[in-house]
Amino acid sequence: MWENPTLKNLVCFFALLFIPVGIKAQTMIDEIVAVVGASPVLQSDVEIRSFQMEADEKGNRIRTISRCEVLEDILIQKILVAQAILDSVIIEDGEVESEMDRRINMQVAQAGGRERLEKLMGRTVDEPRSDIRDNVYDDLIIQRMQFKITGDIQVTPSEVKQYYDRIPKDSLPLIPGEVELA
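This one's a predicted model, so the numbers in the text were calculated from it and none came from an experiment.

## Quick notes on unusual backbone geometry
Not every positive phi belongs to a glycine, and Ser88 is a case in point at roughly 60°. Relative to the assigned elements, Ser88 resides in the loop between helix 3 (67–86) and helix 4 (93–111). For Ser88, a relative accessible area of 54% translates into the label exposed.

Below is the structure:
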């Protein structure tokens, strides 16, 4: 029966399909929790951002933020990036490089020197540049888009309070759990 290698391989393949079922509960696969345009938001993105927002610069937990707030923050940022792309907001490579240099210099200063930071990270300071380039670009484009939207607006806190006080409480919309934007 096992003289045919194709049949043997096929049986082994199907056997392997069913073996990981017991292990499946222990292995977490990243899942998509939201999509903005063509850009997915992964569960790991929410967890990482949550840790970043809850911790101080040394990694100590200083507050608790709900995952809904974290997801909302990520979604707003992704919407701003998508709108900036539609509006042809441009960020030059030099701006991205300058911001990466600024962030790296800040980390070096916080760690107490370049060598100490490299020891803490377990790699050279220049290695993470490619890892953070996309994030820095997104941060800059978000800042530029926020300024484009709100740059000419001048509103006092009392004007904001007066505006919201005039809205009847029963006229405030309910925000659905799922939103589709076009």
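## Quick look at the pattern of salt bridges
Summed over all chains, the structure comprises eleven salt bridges. Arg49 is paired through a salt bridge with Asp73; the nearest N and O atoms lie 3.1 Å apart. Of the two residues, Arg49 is situated in helix 2 (residues 43–54) and Asp73 in helix 3; the sequence distance between them amounts to 24 residues. Judged by its relative accessible area of 22%, Arg49 falls in the partly exposed class.

## Remarks on helix 6 (residues 129–150)
Counted at 1.5 Å a residue, the expected span for helix 6 with its 22 residues is 32 Å, and the 31 Å between its end C-alpha atoms agrees. Taken together, the buried positions of helix 6 are Arg129, Val136, Leu140, Ile141, Ile142 and Met145. On its buried face, helix 6 sits against helix 3 and helix 4.

## Observations concerning a nonpolar patch on the surface
Together, Ile153, Val155, Val160, Tyr163 and Tyr164 make up an exposed nonpolar region whose accessible area comes to about 500 Å². Tracing the backbone shows Ile153 in the loop between helix 6 and helix 7 (157–166).

What counts, and at which threshold
Residues numbered from 1 in each chain as written. Predicted model: local features only at pLDDT ≥ 70, side-chain atom pairs only at ≥ 80, totals over all residues. Heavy atoms only, no water. Helix = DSSP H or I, 4+ residues; strand = E, 2+ residues; numbered from the N terminus. Buried < 20%, exposed > 50% of the residue type's maximum accessible area, 1.4 Å probe, protein only. Salt bridge = Lys/Arg side-chain N within 4 Å of Asp/Glu carboxyl O. Expected span 1.5 Å × (residues − 1). Contact = heavy atoms within 4.5 Å. Patch = residues over 30% accessible without salt bridge, like charges linked within 9 Å, V, L, I, M, F, W, Y side chains within 5 Å. Areas by Shrake-Rupley, 256 points an atom, 1.4 Å probe, with all protein chains shown as cover.

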